[in-house]
Amino acid sequence: MKASQQAFVPAKLAGDAQDLANALPALLMDARKTAASLMLGAHGRRRAGMGEAFWQHRELLDGETLRQVDWRRSARSDRLFVREMERESPASLQIWVDTRPSMRWRNQTSRPTKAERALVVALALAMAAKAGGERVSALLSGQVMGQEEAFLEALIASGGRFDAQAPIDTGRHAQILIVSDGLEPIELWAERLRHLSSGTQPVLFVLIRDPDEEAFPFEGRVSFSAPDRDTPIIIGQAGAARDTYQRTYRLHFEALRAALTSARGSLLSHATDQPALPVTLQAAALLDGRGASQFKVG
C-alpha cells in the first residue's frame, strides 16, 4: 500500500524482488550480527530435548515442577537445577519468508521494508539452527541451507507465492517458520495452516508490520495505491476513517491468531521501528520449546 498526501512523508515501495537482491550484502550483515547475538544469548539452539545423553544443568524455570529438579546438583547451591538431555536426532526447520509486493513497503525511509526485516529475522534463525546441527530448508523449494547468500536468494525467490500443497517434512522434530505481514485474506491463511498442521510439526508465524499500518496516522485527503490494483483508493477524510480501519485491522489479526491456534501454531508480532533481536530471541525460544525467559541478549 502506498499513501500520498500534502505534508506527509510519501510511502516507499520497492518495484520488484530485484531491490531485495540488491540489498543482499546489507541483509546478510544484519542477519549475521543478529544470529551472533542470538547464539551467544541462547547458548546455542536446540541441543536440549528427548534423549539419553546428558547435556547440561540449568536453573528450574517458572512453571516447572519439583519432580524435574536434580536434587544432588541443587544441594551444592542455593538454587534449584534441572538436568537437560541432548536430542537424539537433529531437528528440521522449514522456512517461508513472504516477499510479495505488500512486504516491500515502508512508510518512513528510516525503517526497513517489511520484507527486509523478515529476511533478517528468518536468516538469523536459520543460521542459529544450522549451527546447532539442525537441517534447515526453504519450505516451498525444499532447498537445504548451505552457503548463506545462496539460501537467502532461495528465500527471496520462493517468497512471492505460497503453494498450499507444497511437500513438508513431517518428522517428529520438524518445525515450520513463516515470516509475513499476514495481510492476505484470512480464508487463504486458514487453508494454508490446515495443510501445514496436517502432520505433527508445529508452526511459528512471525508477523512483520510497519507501525503505520496499525496506527493509520493519515489525515485529510489520501490516495492509497497497491501493486495489485490498477486504480488508487482515495479517502477524502482519512482521519474520520481511522477507527473503522483500526477495528478491521484488529479483527483480521484476531482471526489469524485463531487460525493459528486451531493449527497448533504460535504468533509473534514485530514492528519494523523496533530492533530485530528481541523478536528473534522470542522466536528461537518458541522454536526451542522453552520459555523466552531463558534467552538473554548477548
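See the structure above.
Not measured: the values here are computed from a predicted model. Within each chain, residues carry numbers counting from 1 in the order of the written sequence. Local features are withheld for residues below a pLDDT of 70 in this predicted model, meaning they are given only at 70 or higher, and side-chain atom pairs are given and counted only at 80 or more; totals for whole chains, interfaces and linings count all residues. The side-chain quantities take in all heavy atoms of the structure and omit both hydrogens and water.

Another aspect to go through is the overall build of the protein. To qualify as a helix, a DSSP run of H or I must reach at least 4 residues; to qualify as a strand, a run of E must reach at least 2; elements of each kind are numbered from the N terminus. Looking only at helices and strands, one finds nine helices and twelve strands in the protein. Of all 298 residues assigned to the protein, the portion counted as buried reaches 48%. Within the protein, contacts between residues separated by at least 24 positions form 73% of all contacts whose residues are at least 6 apart in sequence. Summed over its atoms, the accessible surface of the protein is roughly 14,400 Å², and 51% of this surface lies on carbon and sulfur atoms. Throughout, exposure labels follow a simple rule: accessible area from a 1.4 Å probe, protein chains only, divided by the maximum for the residue type, with under 20% read as buried, over 50% as exposed, and the rest as partly exposed. The contact definition used throughout considers only heavy atoms, calling two residues in contact when any of these lie within 4.5 Å. Computed with the Shrake-Rupley method and a 1.4 Å probe, the accessible areas treat only the protein chains shown as cover for residues.

In terms of backbone geometry, most residues other than glycine have negative phi values and most peptide bonds are trans. Phi at Phe216 is positive, roughly 50°, even though this residue is not glycine. Accessibility expressed as a relative area gives 2% for Phe216, which makes it buried. Even without a glycine there, the phi angle at Arg264 is positive, about 60°. Checked against the element boundaries, Arg264 lands in the loop between helix 8 (242-262) and strand 12 (266-271). For Arg264, a relative accessible area of 48% corresponds to the partly exposed category.

What follows deals with the pattern of salt bridges. What counts as a salt bridge is simple: a side-chain nitrogen of Lys or Arg found within 4 Å of a carboxyl oxygen of Asp or Glu. The final tally for this structure, using the stated rule, is 13 salt bridges. For Glu213, the salt bridge goes to Lys114, with nearest N and O atoms at 2.5 Å. Of the two residues, Glu213 is situated in helix 7 (residues 211-215) and Lys114 in helix 4 (residues 114-131); the sequence distance between them amounts to 99 residues. Comparing Glu213 with Lys114, the two get one shared label, buried.

In terms of burial, strand 8 (residues 174-180) is largely enclosed, as seven of its seven residues are buried. Covered by surrounding structure in strand 8 are Ala174, Ile176, Ile178 and Ser180 together with Gln175, Leu177 and Val179, the residues of both alternating faces. Between any two strands, at least two bridges found by DSSP are needed for them to pair. Direction of pairing for strand 5 (residues 92-97) relative to strand 8: parallel, over a ladder of six bridges. If you follow Ile95 over to strand 8, its bridge partner there is Leu177. As defined by bridge partners, strand 8 adjoins strand 9 (residues 203-209) across five bridges and the pair is classed as parallel. Pairing of Leu177 across the sheet is with Leu204, part of strand 9.

Residues forming no salt bridge and having over 30% relative accessible area are the ones grouped into patches, like charges within 9 Å of each other and nonpolar side chains (Val, Leu, Ile, Met, Phe, Trp, Tyr) within 5 Å. A contiguous nonpolar surface patch, about 310 Å² in accessible area, is contributed by Leu66, Trp71 and Leu80. Looking at the secondary structure, you find Trp71 in helix 3 (residues 71-74).

Here the focus is the sheet that holds strand 8. Sheet strands associate in pairs through backbone hydrogen bonding, adopting either a parallel or an antiparallel arrangement. Spatially, five strands are ordered 7-5-8-9-12 in an open sheet, and the strand pairing comes out parallel. Where the open sheet ends on each side, the last strands, each with one partner, are strand 7 (135-138) and strand 12. Within this sheet the neighbouring strands show an average axis-to-axis angle of 20°, counted without direction. Every angle, taken between N-to-C directions, lies between 0 and 180 degrees, and every axis is a line fitted to C-alpha atoms, over only the stretch in contact when it is a helix. Against the sheet, helix 4 engages strand 5, strand 7, strand 8, strand 9 and strand 12, with an angle of about 170° to strand 5. Against the sheet, helix 9 (residues 276-287) engages strand 5, strand 8, strand 9 and strand 12, with an angle of about 170° to strand 12.

Once that is clear, we can look at the packing of helix 4 against helix 9. Contact geometry for helix 4 and helix 9: axes closest at 10 Å, N-to-C directions at 45°. When the axes of helix 4 and helix 9 are compared, the pair comes out oblique. The two elements helix 4 and helix 9 cross, and the hand of that crossing is right-handed. Here helix 4 contributes Arg117, Val120, Val121, Ala124 and Leu125 to the contact with helix 9, which in turn contributes Ala276, Val279, Thr280, Ala283, Ala284 and Leu287. Its residues assigned to classes, the contact of helix 4 with helix 9 comprises nine nonpolar, one polar and one charged. Just so you know how the angles are binned, under 35 degrees is roughly parallel, over 145 roughly antiparallel, 65 to 115 roughly perpendicular, and the rest oblique. In this scheme the crossing of two helices becomes right-handed for a clockwise turn of the near helix relative to the far one and left-handed for an anticlockwise turn of less than a right angle. All residues other than Ala, Val, Leu, Ile, Met, Phe, Trp, Tyr, Cys, Pro, Asp, Glu, Lys and Arg, Gly among them, are scored as polar; the first ten of these are nonpolar and the last four charged.

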